[in-house]
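# Report on the structure
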Amino acid sequence: MHLVIFSGSVFGTADEVADVAAERCRAAGLQVTYLKPASVDALLEANADALLACCSTTGMGELPANVQDFFYELESRFPLLTDKPFGVIALGDAGYGDTFCQGGEQLRELLLELQGRELVPMLRLDAAETVTPEQDAEPWIDDFIARLKSL
Ligand SMILES: Cc1cc2nc3c(=O)[nH]c(=O)nc-3n(C[C@H](O)[C@H](O)[C@H](O)COP(=O)(O)O)c2cc1C
């Protein structure tokens with residue numbers, strides 16, 4: 001099982017969560033490629049069995065700058081990911097109201113449009129509630145791993 005991870009981050013928190021996820025998935029025996037920075041060519045070349053996105057939100061519900069080119073290229077090239085299992089860990093701050101975790105939500109919606117299959121409902125990590133998002137993500141990551149292994 002080859003898992004490709006990519007992340008979008010302004011201050012590095014989502015990258016740290018992605019690092020923890022990569023470590024945990026490797027420890028569970030998955031083959032993991034963390035694409036840093038995210039690249040559509042590298043994603044397609046990897047021909048992954050599953051995808052994991054970790055993404056924060058900036059501005060008024062926008063994607064971090066370091067994942068925007070990837071997002072728009074993926075949207076325009078539109079490579080179908082038919083039935084490809086994926087998960088999204090979204091980081092945000094509920095204080096932003098309606099735009100809470102919109103960066104992760106945009107990625108999630110695109111992966112669904114590409115016909116990927118969301119394996120575990122998107123995790124929303126609220127910076128207003130926690131200062132340990134990497135630890136808080138662990139149960140979700142373990143659930144994601146268990147579901148991947150049961151495929
Ligand atoms: C300028 C700015 C704008 C933000 N806008 C949003 C937003 O619209 N929605 C949201 O859920 N979180 C928003 N956040 C909160 C970040 O997404 C959150 O702090 C996240 O943990 C940062 O992760 P990062 O270090 O990976 O960028 C914003 C933070 C900053 C500093």
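Residues numbered from 1 in each chain as written. Predicted model: local features only at pLDDT ≥ 70, side-chain atom pairs only at ≥ 80, totals over all residues. Heavy atoms only, no water.

In the annotation of an unreviewed UniProt entry, the chain is listed under the name Flavodoxin-like domain-containing protein and assigned to Halopseudomonas pertucinogena. Here is the UniProt Cofactor (unreviewed entry) comment for the chain, exactly as written: "FMN". (UniProt positions renumbered as here; feature names shortened; annotations may be inferred.)

### Some thoughts on the overall build of the chain
On a plain count of helices and strands, the chain comes out with five helices and six strands. The linear arrangement of helices and strands in the chain, starting from the amino end, is β-α-β-α-β-α-β-α-β-β-α. Against the globule reference of 15 Å for 151 residues, the chain gives a C-alpha radius of gyration of 14 Å, in line with a compact fold. In terms of principal-axis extent, the alpha carbons of the chain reach across some 35 × 35 × 25 Å. The proportion of buried residues among the 151 residues of the chain is 49%. Restricting the contact set of the chain to residue pairs at least 6 apart, pairs at least 24 apart contribute 79%. (Helix = DSSP H or I, 4+ residues; strand = E, 2+ residues; numbered from the N terminus. Rg over C-alpha atoms; globule rule 2.2 N^0.38 Å. Buried < 20%, exposed > 50% of the residue type's maximum accessible area, 1.4 Å probe, protein only. Contact = heavy atoms within 4.5 Å.)

### Some remarks on the site of the ligand
Residues in contact with the ligand amount to 20 residues; listed here are only the nearest, Ser 9, Thr 13, Ala 14, Thr 57 and Thr 99. Contacts to the ligand include Phe 11, whose backbone N or O atom sits 3.1 Å from an oxygen atom. With respect to the ligand, the backbone of Gly 59 contributes an N or O atom lying 2.9 Å from a nitrogen atom. Here the ligand has 650 Å² of accessible area as a free molecule, and 83% of this is covered by the chains. Here the ligand occupies the largest pocket. Among the elements of the structure, helix 1 (13-27) and strand 4 (85-92) are those that each provide at least two residues to the shell around the ligand. Classifying every residue of the shell around the ligand by side-chain character gives nine nonpolar, ten polar and one charged. (Near = heavy atom within 4 Å. Polar contact = N/O pair within 3.5 Å; in protein donor to acceptor, adjacent residues only side chain to side chain. Areas by Shrake-Rupley, 256 points an atom, 1.4 Å probe, with all protein chains shown as cover. 1 Å grid on protein atoms, 1.4 Å probe; cavity = no way out; pocket = protein on both sides within 12 Å on 5 of 7 lines; lining within 4 Å. Sits in = over half its atoms within 2 Å of the grid points. Nonpolar A, V, L, I, M, F, W, Y, C, P; charged D, E, K, R; others polar.)

### Notes on the layout of surface pockets
The calculated volume of the largest pocket comes to roughly 410 Å³. Lining the largest pocket we find 23 residues, and of these Ser 56, Thr 57, Leu 91, Gly 92 and Ala 127 sit closest to its centre. Going through the elements one at a time, helix 1, strand 4 and strand 6 (123-126) are the ones with two or more residues in the lining of the largest pocket. Among the residues making up the lining of the largest pocket, the classes are represented as ten nonpolar, eleven polar and two charged. (Points joined across faces, edges and corners; volume = space filled by probe spheres on them.)

### A short note on the side chain of Glu 105
Tracing the chain through its elements places Glu 105 in helix 4 (residues 102-113). Note on Glu 105: relative accessible area 10%, which makes it buried. For Glu 105, the contacting residues outside a window of four places in its chain are Met 122 and Arg 124.

### Comments concerning the UniProt feature "domain: Flavodoxin-like" (unreviewed entry) in the chain
As recorded in UniProt, the sites labelled "domain: Flavodoxin-like" (unreviewed entry) are residues 3-145. For residues 3-145, the helix share is 42%, the strand share is 22%, and the end-to-end C-alpha distance is 10 Å.

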